Structure formats: structure tokens, C-alpha cells
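Residue strings, one per chain:
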Amino acid sequence: MSSLQVGLAVAGGLILGGVIAYNTWNARRNEPRQAQPDEAPVAAGETRIEPAIEGAMATAERIEPSFDAAASLQPLGPLPTPEKRPRLDALIDVIAPIALDGRVVSGDALLAALPVTRRVGSKPFAVEGQNEQSGEWEYPVAGQRYTALQAGVQLANRTGALNEIEYSEFVMKTQQYADTVGGAPEFTEMLHEVARARELDQFAGQHDAQLGFTLRARATAWSPGFIQQQAARLGFVAGVIPGRMVLPSREPGLPPVLDLSFDPRAALSEDPAHSAIKEVTLNLDVPQVLRQEQPFAQLRDAAFALAEAMNGVITDDAGHALQPAMIDTIGADLERLYDTLEAHDLAAGSAQARRLFS
């Protein structure tokens, strides 16, 4: 073999090796970022103790099994208080009193008579009774007794205003319920309630706000595990829907303050570690969250923290980068919205607002 052939063979080998190295580097560069194990920091002056196997069995104290369940279980903390059903409110509901002619009806009978479907069209339908002992209006409870009844249907929600057909359905459903429990309902004029529903729906449409920031990867994509790890460090927990995490409210039973979502197909893939995600969305449903939770500040801080940790850029829905000054302007507009809702007795996070903007 001539020296020329040897040189060409060497050059070809170098080129092939370079191509393989480049492709390997490029593949590693484009591989989604993975979650890393969190290591507990070691305090100053503290010596890290590495796990050891040799001699461990000899020095470990033997723990005999115990059949005392009370001793083996850790004490439970206070259980969360279940959320109470929102009461009917004349501000956002049509309410029809049901006279009982002085009779007292058990909660068991009221519950048994409830219709299978608790909706009228797209609006929630509810029945309340006045408790004989407390005098409070409440959703019927088994074992309690009630001296008066009322049925109601919501005037508006995010699907629109109560219309004539829905009002007629409400009348029929309430009449059937009243006949079952032996009561006599009294209804307000349909045209008046429908007009009131349209007015409320118009106000809700003008003052509804659902904010969203999109976080896009600058270069390397993210794996679902990496996103979940970074969000968990900010207090987010896994949601019921795949590809969704939520930041819980400090008040038990209330909706989450924020939610973070990404492509659910990536979370459900057979190999999530190699699912490449280029963007996640942070959402705030303004009327659903109490103002004192400072949800917009939490939204802004979470977006900045994730952008820094994940090497991403914050954009709006159209893909335009959002600068801190623009985000602060949104916050100022939001404060005015809070004031307007409170002035109309529909403060953000209140039971009335959560029902109207749902």
C-alpha cells in the first residue's frame, strides 16, 4: 500500500471519527434536560457520613416486631375541613321559596326527593332548607329537620346567561320537587329574571380575567421529570390531570392559586425521560383566588424563578417576550379589577365569584 493510500485511509478515519463525535455531541446537546437527585446540604463543620454495609448488622440494634397498631402508627395531624356547599345568594341566583304550611320535613326526605341531575341546562340547581334548631339556611343534611325550603338556579356562569328555556326547566324541576315533599313553590316573573341574568352575564364578561405566562426553552428542551422537579421546588404539587401541577391555596378547600401545564402526551409517553418539551404555561384564574393570597405576585415570581432555573424566556400567548415593566403594568391593571369586583360584592375568591366565574 502506497503512502498516499495510507494517508487517505488515516484522513478518512479521522473524518469518520469527527462525524461520529459531532453526532454524539449534537445528540447529547439536544437531549431533554433530566431531573437531578436533590442532595441535602451539609452544614458547616458537619462531616458527611457515607452509608456502609460492612459491620452494620453487627452494630445495629435489633428491633423486635410489634403488633401494637397504635404504637406503630404516627399520629395524624388535623384533618382538612371539608368545603361547605355555597349558599344560594340573591345576587347571582333565582330563588323560589317553597312553603311547607307549618310542617317540618326531615333532611332524609329532602335528600331522597332531590332530582338526579342538579343542573338546569348549563346552570347549577340547588335546594336549601332552614334548619329547625339553628335557623340557618343550608343544604339538607340527613338527621336534621327543616321548617322552610327554597330552590334556586344560577343566573349566569362562563357558559352564558340563564335563558327562557332554562328558566322554564327550573320551574318544572322545582314544581316536581315541591310536589314530592308536599310544598308549594312561588316563582318570580321569568322576563325579569332573564333580564337580570343578561345584565349579570355582561358584567362578568367585562371583568373576567384568566392570565397566562408561557415559558419557552431558549435552547435545550426539558423532560417532564425536569419540569416537575423545578416546579416542586416552588411548592407546586401534581394535579389530577397528566401534565398539570398546581400551587395549593393556604386555605383548605379553596381552588389552587396557580396551575402549571405542559403537553399531557409527554407525561403519558412510554419513555417520559426522552419526551422533549419546549414550553410550559403558568395560569392564574383571577376571580377564583382570594386577593390576600397575592396570586399575581406569586405568578410573576414563579415565572421568573422557573425561567432562571430552566434557561427559559417568559412570553405571552403570541410568543412575544414579556419584560418586567410590562408584567408590572398587568399587575396594576389587576388591582383595579379587584377593586371593581369588591365594589359589586363579587370579591375575587369569594363563593359568589367562584360560582359566577366557573
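Being a predicted model, the structure only gives us computed values, none of them experimental.

Next up on the list: the overall build of the protein. Along its length, the protein carries 11 helices and 15 strands. Here the protein holds 358 residues, and the buried ones make up 33% of them. Considering only contacts in the protein between residues 6 or more positions apart, those separated by 24 or more positions represent 72%. Accessible surface, the protein as shown: approximately 21600 Å² in total, 56% of it carbon and sulfur.

Looking now at unusual backbone geometry. Backbone geometry places Q294, a non-glycine residue, at a positive phi of 50°. Turning to its location among the elements, Q294 is positioned in the loop between β14 (279-285) and α9 (295-310). The phi dihedral of D345 falls on the positive side, at around 60°, and the residue is not glycine. Counting through the fold element by element, D345 comes out in the loop between α10 (324-343) and α11 (351-356). Its relative accessible area of 58% is what places D345 among the exposed residues.

As paired strands, strand β12 (residues 244-247) and strand β13 (residues 258-261) are joined by four bridges and run antiparallel to one another. Across the sheet, M245 pairs through a bridge with L260, a residue of β13. Note that β13 and β14 share three bridges and pair antiparallel. Bridge pairing in β14 links L260 to L282.

With 69 residues, the main nonpolar core has F170, Y177, F236 and L260 as its most contacted residues. Ranked by residue count, the leading element in this core is α9, at seven residues.

A few words now on the layout of surface pockets. Looking at the second largest pocket, its volume works out to about 170 Å³. In terms of residue class, the lining of the second largest pocket is made up of five nonpolar, one polar and two charged.

The rules behind these values
Along each chain, the written sequence defines residue order, and numbers are assigned to residues from 1. Side-chain atom pairs in this predicted model are given and counted only at pLDDT of 80 or more, local residue features only at pLDDT of at least 70, and totals for whole chains, interfaces and linings cover all residues. The basis for every side-chain value is the complete set of non-hydrogen atoms in the structure, without hydrogens or water. Secondary structure follows DSSP: runs of H or I at least 4 residues long count as helices, runs of E at least 2 residues long count as strands, and numbering of each begins at the N terminus. Only protein chains enter the accessibility calculation, which uses a 1.4 Å probe; a residue whose area is less than 20% of its type maximum is buried, one above 50% is exposed, and one in between is partly exposed. In what follows, residue pairs with any heavy atoms lying within 4.5 Å of each other are defined as contacts. Note that accessible areas follow from Shrake-Rupley with a 1.4 Å probe, and for residues the cover is restricted to the protein chains shown. Only strands that DSSP links by at least two bridges are regarded as paired with each other. By convention a nonpolar core is built from buried Ala, Val, Leu, Ile, Met, Phe, Trp, Tyr and Cys residues, the set being connected through side-chain atoms within 4.5 Å. Within this scheme a cavity is a closed region of a 1 Å grid, computed over the protein atoms alone, that accommodates a 1.4 Å probe without allowing it to escape, whereas a pocket is open but has protein on both sides within 12 Å along at least five of seven lines; lining residues each have an atom within 4 Å of a point. Grid points are joined across faces, edges and corners, and a volume is the space filled by probe spheres set on the points. Polar here means any residue other than Ala, Val, Leu, Ile, Met, Phe, Trp, Tyr, Cys and Pro, which are nonpolar, and Asp, Glu, Lys and Arg, which are charged; Gly is therefore polar.

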